[in-house]
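Examining the three-dimensional arrangement
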Amino acid sequence: MEVDLSEAASLPDLLSKEPLSSAQQAYLTHLTSLPLDNLLTEPGALQTQAHHLTSSLTSLTHTSYPTFLALHATTKSLSASLDTFAGALDGLLDTSLPALEAAAANWHTRTDTVVRERNKARAVLEQHDKLRDLLDIPLLIDTCVRNGFFAEALQLAAHAEAAASTSTSPPPILRSVLAEVHASVAQMLRALLATLHEPARKLPALYKAVAFLRRMPAFAADAEDPEELLALAFLSGRHACVRAALEPVSRDVQRLAGAPAPLGEREREDLTRGVRKYIDVWREGVHDVVSQYTSIFLSASTTTAASTAASEPASIVHSLLSAYASNALMTHLLPVLRVALPYVPLSALPPVLTQLTYCATAFARSGLDFRAAVAGLAADAVRSAVTGDFGRAARTFAGECTKARASLAPAAPTRSSLDGRRSLDARGSLDGRASLDSQRYQPSTWLAPSGAPPPRPTEMLAGPAHVPPSALAAYPTLATFANALLTALNGLRLLAPVEVQPALRSALDAALAEAGGALVGYVGAAVGHKERDASLRGGEMFFDVLVPYVRRALVEGVYGGKVEGEALDGQLAGVVRDWEAWRAASVVSSPIE
C-alpha cells in the first residue's frame, strides 16, 4: 500500500487551522511517537473503535431510552419551573415586599386608635369580672387537679394568694375562696403522692410529680429540710411498689421452703424457678428505684436548683439512697435467699449464683456491691445441698443393707461368726425371720456377684481422681452408692467454695460411716450362710477401694488437695476398725482359698 506523502505532510497544516484541545494535542504527540508499522495500522484500529463505540451507543439508546425520555421531560419541567420561580420572585421583590414595608410602616398609625380602645375595654372588664374570677378559682383548681393540669392549678392558687395579700384584712368572701383553694391544693398533694405509689409509673411521670411536689407548700423552700422530706416520700412510695411486686413470689418461695415434708424433685425445681423470679423482680424493682432516685434527686441541675440554701444537700440525699438500698437488700433479698438457697438443687445453684453475681455487679455501679454477702449464702447452700445428697445416698444404701440383712434366713452360729458378732456389738445378729427373697439378697448375688474381680486397691486407686475404678462396675450395689456420691461431687465441681471443704469432708465421712456400718452388719449376718468369700470381697471393695476413692475424689478431684497419709478419725474410723476386726476374725477362723 502506497502512502501519499504530500497529503500526509499537509495534515498538520489542516489541523492547525483550529485550536487543539489537550486531548487532541496528546493524541498528535502519540501519533508522532509511533513507528511506521503501527502508524499504518492506526486508521484500522480507530475505525474498529469507532464501530465499537457506535454499537455501544446504539445498545445504550435501545436499553435506556425510558431514562432519556424521563430526563428530557424532567429537564423541560425544571426549565419551566425555574422560569415560573423567577417570575414569582421578581413579583415578590418588585410588588409584595414594598407593599409589606408600607403596611408595616403604617401599622402603628392604623392600630393606635384600636389599641387605646382595647385598653379602655380591658380596664373595664378587669374591674367588672374581678369578683367572678375569684369565685371561679376553686372550681377551676379542682377541675385542673382532676384532669392532671397541675401547673395551671398552682398558678391559680398563686393568683388567689396574691389577690388575698393585697389587703391586710381580706373580706370574708375572699377568706372562703382561700379555704376552698387550700382544700383543692391538699387534694392535689394527695394525688401527686399517690402517683409515687403507682407501680406502672415510669421516670417521666415520676419526675413530673416530684417537680410539682417541690412547688407545693408542704415542700416549699422555706420548710425544714424540704428535699429530704420529698426524697423520703419518693422512696416510701416506690418501695411500696417493690414490696407489692415481691410479695406474691415471696409467698410461693416461703411456702415451698417451709414445707414440713421433704421436697420432691418437682417442688425443688419450682422453688428454683421461684428464687430466680424473685431475684429478677427484686433487681428490676430496686434498680428502677435507684436509677429514678438518682435521675430525680442526684443530678447536678436538680440538686443545685432544689437545695441552694442547704449546707450539705448531696450528703443527705446520698445517705437516704444508701440506706434504702441496704434496707431493700437486708429486708427482702437476703432473708429469702437465706431460707430458699439450702433447698435449691446443687445443679441449679451455679445459674442462680451467676444471676446474683450479675445483679450485684450491676448494683456495684450504684455503690451497693453485695457479692460478699452472697458468697456466704452460696457457701452455706452448697454445704447444705452436698451434705444432703451425701446423707440421702448413705441412707438409701443403708436401707438396702438393712432390707438385705432382714431377708437372710437364720443359720447355725460358728466360732468365727460368734467372734465377729462380739466385735460388732451384736450388729451381725439375725432377726430370725425368714424372707421370700433371701436368695436374691445373698452376698454372692446382691453384694459381690460371682465372677467379679477381687479388690486390688493399689491398682484401682492409681488412676486420676475424677475417674472411678472400673472394677466397681462388677459390684452393682456398691456402684449405685458410688454413683450417688459422685453425682453430688460432679455438681460440687461447678461451684466449690473453699471454706466449706472441711464440712463436706466431715459430711462425706459421716455418710461413709453410716453406709459402712450397715454393710458390716449385713456381711456379719451373712457369714453363717457359707457366703464368707463374697462377703469379704464386697466389704474389701467398699472399705479398701470405694471409701478411699470417694474421699480422694472430693479432696483431689474437686479441690486439688491431697489425702495421702491422712488418718481416719471420728465415726468412720470406728466403722473401719469394726470391719478390720471382723475380717481378721473371719479370715483366721476360715481362711479364704
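Residues numbered from 1 in each chain as written. Predicted model: local features only at pLDDT ≥ 70, side-chain atom pairs only at ≥ 80, totals over all residues. Heavy atoms only, no water.

1. A look at the overall build of the protein chain
- Scanning the protein chain from N- to C-terminus turns up 21 helices and zero strands.
- Residues counted as buried form 37% of the 593 residues belonging to the protein chain.
- In the protein chain, of all internal contacts separated by at least 6 residues, the share reaching a separation of at least 24 is 77%.
- When the accessible area of the protein chain is evaluated, it comes to approximately 33700 Å², of which 59% is carbon and sulfur surface. (Helix = DSSP H or I, 4+ residues; strand = E, 2+ residues; numbered from the N terminus. Buried < 20%, exposed > 50% of the residue type's maximum accessible area, 1.4 Å probe, protein only. Contact = heavy atoms within 4.5 Å. Areas by Shrake-Rupley, 256 points an atom, 1.4 Å probe, with all protein chains shown as cover.)

2. Digging into the packing of aromatic side chains
- Scanning the model with the defined rule gives 14 aromatic pairs in all.
- Ring centres 4.9 Å apart and planes at 70 degrees place the aromatic pair Trp 446 and Tyr 522 in the edge-to-face group. Of this pair, Trp 446 sits in helix α16 (residues 443-447) while Tyr 522 sits in helix α19 (residues 501-526), placing them 76 residues apart in sequence.
- Trp 446 gets classed as buried once you look at its relative accessible area, which sits at 9%. (Phe/Tyr/Trp six-rings, centres within 6.5 Å; stacked < 30°, edge-to-face > 60°.)

3. Focus on the side chain of Thr 272
- Tracing the sequence through the fold places Thr 272 in helix α10 (residues 265-297).
- Setting aside residues up to four positions removed in sequence, Thr 272 forms contacts with Val 344, Pro 345, Ala 348 and Val 352.

4. As for the nonpolar core
- Core analysis: the biggest nonpolar cluster contains 142 residues, and Trp 282, Tyr 293, Phe 370, Leu 492 and Phe 542 have the highest contact counts within it.
- If you tally residues by element for this core, the top one is helix α14 (residues 371-407), at 15 residues.
- If near-sequence neighbours (up to four positions away) are discounted, Phe 370 is found in contact with Trp 282, Leu 329, Leu 333, Leu 356, Cys 359, Ala 360 and Phe 363. (Core = buried A, V, L, I, M, F, W, Y, C linked by side-chain atoms within 4.5 Å.)

5. Observations regarding the pattern of salt bridges
- Scanning the entire structure with this criterion turns up 14 salt bridges.
- Glu 284 is the salt-bridge partner of Arg 283, the closest N and O atoms lying 3.8 Å from each other.
- On the basis of relative accessible area, Arg 283 is assigned to the partly exposed category, the value being 30%. (Salt bridge = Lys/Arg side-chain N within 4 Å of Asp/Glu carboxyl O.)

6. Side note on the side chain of Arg 583
- Note that Arg 583 resides in helix α21 (residues 570-589).
- Residue classification places Arg 583 among the buried residues on the basis of a relative accessible area of 15%.
- At 3.0 Å, the side chain of Arg 583 forms a polar contact with the side chain of Asp 544.
- Excluding its chain neighbours within four sequence positions, the residues that come into contact with Arg 583 are Leu 536, Glu 540 and Asp 544. (Polar contact = N/O pair within 3.5 Å; in protein donor to acceptor, adjacent residues only side chain to side chain.)

7. Concerning the packing of helix α8 (residues 203-214) against α10
- In contact at an axis separation of 10 Å, α8 and α10 are set at 45 degrees when each is read in the N-to-C sense. In terms of orientation, α8 lies oblique with respect to α10. Taken as a pair, α8 and α10 cross one another with a handedness that is right-handed. Taken together, the residues of α10 that come into contact with α8 (itself represented by Leu 203, Leu 206, Tyr 207, Val 210 and Arg 214) are Gln 292, Ser 295, Ile 296 and Phe 297.
- The residue makeup of the contact of α8 with α10, split by class, is six nonpolar, two polar and one charged. (Axes fitted to C-alpha atoms, helices over the stretch in contact; angles between N-to-C directions. Parallel < 35°, antiparallel > 145°, perpendicular 65-115°, else oblique. Left-handed = near helix turned anticlockwise from the far one by under 90°. Nonpolar A, V, L, I, M, F, W, Y, C, P; charged D, E, K, R; others polar.)

8. Notes on the packing of α14 against α19
- In contact at an axis separation of 9 Å, α14 and α19 are set at 0 degrees when each is read in the N-to-C sense. Relative to α19, the element α14 lies roughly parallel. For the pair α14 and α19, contact is made by Arg 383, Val 386, Thr 387, Phe 390, Ala 394, Arg 395, Phe 397, Ala 398, Cys 401, Ala 404 and Arg 405 and by Ala 503, Leu 504, Ala 507, Leu 508, Ala 511, Glu 514, Ala 515, Ala 518, Leu 519, Gly 521, Tyr 522 and Ala 525, respectively.
- Split into classes, the residues belonging to the contact of α14 with α19 amount to 17 nonpolar, two polar and four charged.

9. Some remarks on the environment of Ala 503
- Within the secondary structure, Ala 503 sits in helix α19.
- C-alpha separation for the pair Ala 503 and Val 386, spaced 117 residues apart in sequence, amounts to 10.0 Å.

10. Concerning the confidence of the model for the protein chain
- On average, residues of the protein chain carry a pLDDT of 79, and 84% of them reach 70 or more.
- With pLDDT under 50 throughout, residues 1-9 is counted as low confidence; its partners more than four residues away or in other chains account for one contact.
- Predicted confidence for residues 305-311 stays below pLDDT 50, and this span has three contacts to residues more than four positions away or in other chains. (pLDDT = per-residue confidence, 0-100.)

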